[in-house]
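Given next are the chains, with one letter for each unit.
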Amino acid sequence: VPHDQTLFEERHLCYISPLGKGNFGCVELCRYDPLGDNTGELVAVKKLQPNKGSNLEDFQKEVKMLSVLHCDYIVKYRGVCYSMGRLSMSLVMEYLPYGSLTGYVWTNRHNITTRRMLLFSSQICKGMEYLQTQRYVHRDLAARNILVANESLVKIADFGLTKVLPFDKEYYRLSQPGQSPLFWLAPECLNENKFSHKSDVWSFGIVLHELFSYCDNRCLMFILNYNNMFFCSVVYSLMKDCWTYDFDKRPSFSDLSKKVENMIQDDR
Ligand SMILES: C[C@H](Nc1nc(-c2c[nH]c3ncc(Cl)cc23)ncc1F)C(=O)NCC(F)(F)F
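Residues numbered from 1 in each chain as written. Predicted model: local features only at pLDDT ≥ 70, side-chain atom pairs only at ≥ 80, totals over all residues. Heavy atoms only, no water.

Draft legend 1. Looking closely at the site of the ligand. In the vicinity of the ligand there are 15 residues, among which Leu19, Leu96, Arg144, Leu147 and Ala157 approach most closely. Leu96 is positioned such that a nitrogen or oxygen atom in its backbone is 2.7 Å from a nitrogen atom of the ligand. Expressed as a share of its isolated accessible area of 530 Å², the protein-covered part of the ligand is 86%. Spatially, the ligand is embedded in the largest pocket. For the shell around the ligand, the secondary-structure elements that each account for two or more residues are strand S1 (13-21) and strand S5 (88-94). Of all the elements, S1 adds the most residues to the shell around the ligand, at three residues. (Near = heavy atom within 4 Å. Polar contact = N/O pair within 3.5 Å; in protein donor to acceptor, adjacent residues only side chain to side chain. Areas by Shrake-Rupley, 256 points an atom, 1.4 Å probe, with all protein chains shown as cover. 1 Å grid on protein atoms, 1.4 Å probe; cavity = no way out; pocket = protein on both sides within 12 Å on 5 of 7 lines; lining within 4 Å. Sits in = over half its atoms within 2 Å of the grid points. Helix = DSSP H or I, 4+ residues; strand = E, 2+ residues; numbered from the N terminus.)

Written out as structure tokens, the structure reads:
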């Protein structure tokens, strides 16, 4: 029987440190070290806090959704770890050493260029385009949910609120107001609990705003040195496109991908 690479044995999963908390439970940095010689790989392990509202069923859906995604711009699923005799499970993902985009951009705000921001924006668009091909609506696209793999690669993560569109509708209507932080939500989400690829586009506009204001939401420190004024205004018009009130008139992620690619070409 071929060894199941996606099954992690709890006894070999060595806790190292906490990575963060979410509304579901927590994510921890662990080393999966079956040889017991510290040569095992580092992984991010998402543990469900059973009593924290989100139940095992939702968690199992999140695991299933992530396990079928294969894209360079989406955090990689590694597998699951069962404990307490399959009564509880953890989601094992690749560990991205540079952490969340929020922290990365703020820490590196003095030497991060417009070009690199545009590269990150383009990668997020491509990741979202891929999600759209799977009919996934992320519903929580924000800089805090983007991870940095290295100086020139970011990945979309945290599929805890993601929904799959029904086959016959291009939007998902929540039965009651969701848990996404309001600032990132499109008007139709707030007014009608309607989520779609276009409401993810609205959130992408907020991510652009976060990126180009160095994830410092207190003030709009746009990149104001004069040679960037051009990009500043072009980036600003891109954000405004994403914030078109009527979701039918909002650009798609493939439209946005092309626009950002053109801006990167123009930046040569
Ligand atoms: C609750 C957890 N929070 C955090 N995670 C990490 C992290 C570093 N490196 C990582 N590598 C793989 C993963 Cl899954 C997380 C991290 N860093 C800071 C955090 F606050 C989380 O999942 N946040 C959502 C998202 F993953 F999108 F950032």
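Draft legend 2. Representation of the nonpolar core. With 53 residues, the main nonpolar core has Leu66, Ile74, Leu101, Ile124 and Phe204 as its most contacted residues. Sort the elements by how many residues they give to this core and helix H3 (residues 114-133) lands first, with eight residues. Residue contacts for Ile124: discarding those within four places in its chain leaves Leu101, Leu141, Ile146, Val154, Ile156, Phe204 and Val207. (Core = buried A, V, L, I, M, F, W, Y, C linked by side-chain atoms within 4.5 Å. Buried < 20%, exposed > 50% of the residue type's maximum accessible area, 1.4 Å probe, protein only. Contact = heavy atoms within 4.5 Å.)

Draft legend 3. Representation of the pairing of strand S8 (residues 153-156) within the structure. Two strands pair when backbone bridges link them, and strand S7 (residues 146-150) and S8 are joined in this way by four bridges, in the antiparallel orientation. The residue of S8 that forms the bridge with Ile146 is Ile156. (Pairing = 2+ DSSP bridges.)

Draft legend 4. Summary view of the pairing of strand S4 (residues 77-83). Across the seven residues that make up S4, a large majority, five, are buried. Note that S4 and S5 share six bridges and pair antiparallel. Within the sheet, the bridge partner assigned to Gly79 lies in S5 and is Val92. Joining the antiparallel neighbours S4 and S5 is a turn of four residues, in which Met84 adopts a positive phi near 50°.

Draft legend 5. Summary view of the packing of aromatic side chains. Inspection of every chain in the model, using the stated rule, returns five aromatic pairs. Ring geometry for Phe204 versus Phe253: centroids 5.9 Å apart, planes at 75°, classification edge-to-face. Of the two residues, Phe204 is situated in helix H5 (residues 197-212) and Phe253 in helix H7 (residues 253-266); the sequence distance between them amounts to 49 residues. Here Phe204 falls in the buried class, since its relative accessible area comes to 0%. Three or more aromatic residues joined by ring pairs make a cluster, and in this case those are Tyr98, Tyr104 and Phe120. The ring of Trp106 carries Arg109 above its face, with NZ or CZ at 3.7 Å from the centroid. Across the ring face of Phe195, the terminal group of Arg139 is positioned such that the distance to the ring centre comes to 4.3 Å. (Phe/Tyr/Trp six-rings, centres within 6.5 Å; stacked < 30°, edge-to-face > 60°. Lys NZ or Arg CZ within 6 Å of the ring centre and 35° of its normal.)

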